[in-house]
Each structure stands twice: as structure tokens, then as C-alpha cells.
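Structure assessment
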Amino acid sequence: MSYPPHPGFPPMPGPVSLLVAYPHPVAPPAGCAVLVVSVNRGPYLVPATAAGRFKVDGRDVPIPGEGTWHVVVPAGQRDVRYTDFMGLPVITTTVVAHPGAVHPLSFRFGGWRNRVHDGYGTDVTKFGMWSNYLIALVTLVVIGVPCCGLGLLTMLP
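Residues numbered from 1 in each chain as written. Predicted model: local features only at pLDDT ≥ 70, side-chain atom pairs only at ≥ 80, totals over all residues. Heavy atoms only, no water.

**Digging into the pattern of salt bridges**
Under the definition given, this model contains three salt bridges. Between Asp 57 and Arg 78 there is a salt bridge, with the nearest N and O atoms lying 2.6 Å from each other. Here Asp 57, found in the loop between strand 3 (53-56) and strand 4 (59-61), pairs with Arg 78, found in strand 6 (residues 76-83); they are 21 residues apart in sequence, far enough to count as distant. Arg 81 is paired through a salt bridge with Asp 79; the nearest N and O atoms lie 3.0 Å apart. (Salt bridge = Lys/Arg side-chain N within 4 Å of Asp/Glu carboxyl O. Helix = DSSP H or I, 4+ residues; strand = E, 2+ residues; numbered from the N terminus.)

**Regarding the sheet that holds strand 2 (residues 32-39)**
An order of 1-5-2-8-9 is seen for the five strands of this open sheet, with the pairing classed as mixed. The open sheet has two edge strands, strand 1 (21-22) and strand 9 (114-118), and neither has a second partner. In this sheet, strand 8 (residues 102-109) lies alongside strand 2 in parallel orientation, the contact comprising six bridges. Each bridged residue has a counterpart across the sheet, and for Val 36 the counterpart in strand 8 is Pro 104. (Pairing = 2+ DSSP bridges.)

**So, a nonpolar patch on the surface**
A surface patch of nonpolar side chains, about 440 Å² in accessible area, is lined by Trp 130, Ile 135, Val 138, Val 142 and Ile 143. Residue classification places Val 142 among the exposed residues on the basis of a relative accessible area of 54%. (Patch = residues over 30% accessible without salt bridge, like charges linked within 9 Å, V, L, I, M, F, W, Y side chains within 5 Å. Areas by Shrake-Rupley, 256 points an atom, 1.4 Å probe, with all protein chains shown as cover. Buried < 20%, exposed > 50% of the residue type's maximum accessible area, 1.4 Å probe, protein only.)

**Things to note about the side chain of Arg 78**
The class for Arg 78 is buried, based on a relative accessible area of 15%. Within the local environment of Arg 78, its side chain forms a polar contact with the backbone oxygen of Ala 75, the two atoms lying 3.0 Å apart. If we ignore the near neighbours within four places in the chain, the residues touching Arg 78 are Val 56, Asp 57, Val 73, Thr 93, Thr 94 and Val 95. (Polar contact = N/O pair within 3.5 Å; in protein donor to acceptor, adjacent residues only side chain to side chain. Contact = heavy atoms within 4.5 Å.)

**Brief notes about the nonpolar core**
If you look at the biggest cluster of nonpolar residues, it comprises 25 residues, and the most contacted ones within it are Leu 35, Val 37, Phe 54, Val 71, Val 73, Phe 107 and Phe 109. Sequence-distant contacts of Val 71, defined by excluding residues within four places in its chain, comprise Leu 19, Val 20, Ala 21, Ala 33, Val 34, Leu 35, Val 37, Phe 54 and Val 61. Core analysis: the second largest hydrophobic core is formed by seven residues, Val 26, Cys 32, Val 72 and Val 102 among them. (Core = buried A, V, L, I, M, F, W, Y, C linked by side-chain atoms within 4.5 Å.)

**A few points about the sheet that holds strand 10 (residues 127-128)**
Strand order in the open sheet made by the five strands is 4-3-6-7-10, with antiparallel pairing throughout. With partners counted over all chains shown, the strands left at the sheet margins are strand 4 and strand 10, one partner each. Pairing analysis gives four bridges linking strand 3 to strand 6, with the strands arranged antiparallel. Bridge pairing in strand 6 links Val 56 to Val 80.

**Topic: the side chain of His 117**
Along the chain, the position of His 117 falls in strand 9. The exposure class assigned to His 117 is buried, which follows from its relative accessible area of 11%. Of the polar contacts made by the side chain of His 117, one reaches the side chain of Arg 108; its length is 3.3 Å. When neighbours within four sequence positions are excluded, His 117 is seen to be in contact with Pro 104, Leu 105, Ser 106, Arg 108, Thr 122, Asp 123 and Val 124.

**Quick notes on the pairing of strand 3**
Examined bridge by bridge, strand 3 and strand 4 share three bridges and lie antiparallel to one another. Counterpart to Lys 55 in the pairing with strand 4 is Asp 60. Between strand 3 and strand 4, which pair antiparallel and follow one another directly, the connecting turn spans two residues, one of which, Asp 57, has a positive phi of 50 degrees.

**Regarding the packing of aromatic side chains**
Evaluated as defined, the whole model comprises four aromatic pairs. Between Phe 54 and Tyr 82, the ring centres sit 5.6 Å apart and the planes meet at 55 degrees, which makes this aromatic pair tilted. Taken together, the positions of Phe 54 in strand 3 and Tyr 82 in strand 6 put the pair 28 residues apart, joining distant regions of the chain. Pair check on accessibility: Phe 54 and Tyr 82 agree, each one buried. Measuring from ring centre to ring centre gives 5.7 Å for Phe 54 and Phe 107, while their planes differ by 85 degrees; the resulting arrangement is edge-to-face. Residue Phe 54 is located in strand 3, and its partner Phe 107 is located in strand 8; the two are separated by 53 residues in the primary sequence. For Phe 107, a relative accessible area of 1% translates into the label buried. Cluster of aromatic residues (ring-pair linked, three or more members): Phe 54, Tyr 82, Phe 107 and Phe 109. (Phe/Tyr/Trp six-rings, centres within 6.5 Å; stacked < 30°, edge-to-face > 60°.)

So this is what it looks like as C-alpha cells:
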């Protein structure tokens, strides 16, 4: 499902750079768009933003933490993803950035699954890894059941 892009923000004083996260709305230069990236902390002991990296077309964009950030990107199709500290993708999506437009993306790190939504609440996740808690639960079941079962079998006469 495709929606028209949001209108642009009023111009902010001063020049802006590509692939830099700003904590306030910025006006994109000619031929560029703005991604409004909202990131939650997630239910993790270490916040998802502290352990992960935000990337646009494979290039790191330093996002200091949770909250809402404005990132200027060149117009066109962009690969947007959050990776873990080793570079493995956690959440990925694709955005077609229209010149002068604002494209909201909400990265939600959840208890069961990590997802990304657009400004209309539509799930636009291409890949969303299971959360750390779900991976730990599955690992516990896969390893714990055979180990406990084997232990019980050795106790039987």
C-alpha cells in the first residue's frame, strides 16, 4: 500500500548535512528528503539504541539514543536498517524518499518481535528479527528440555 509523502518542514536556519541525525526538524537541501526516525528503548536491559547501529544504504548514521531524530537523505530508494553491534540486521525496511518530503519511520523494539512502522501506522518491515527475549526462551527450551530429560532418564532404575 502506498501513501503520498508528508509535506516538508519550514526551513531551519543554517546548513544541514546528509546522513546526520538532528534532534529538531530540518529542511532538506534540493534533491533530498528527511527521514523522521523514532526509536524506542525496547524492553532490554541494555537499550536497543545503545547496542545497535542505524544505517542508511550501508552507511552508519550516529543516533545518540532513543527518541525522535531527523536524518537528511538523498532522494530515491533507500535501504534503512538497524543492526546489532556486530553488524547483523535486526530490523530492515526500504523507503522511497521523495525530494523535499518528510518520511516518518518508527522503529519498535518489542518483547517478542522487532518492527518498523511508517507515519500511518502501517508495518513496513522487510525483516524483523525476533527479540532477544524470544531467542533466549527458544534456546532454553531447545537445550533445556533434552538436558533435563536426559538427566531424569539417568536417575531411573
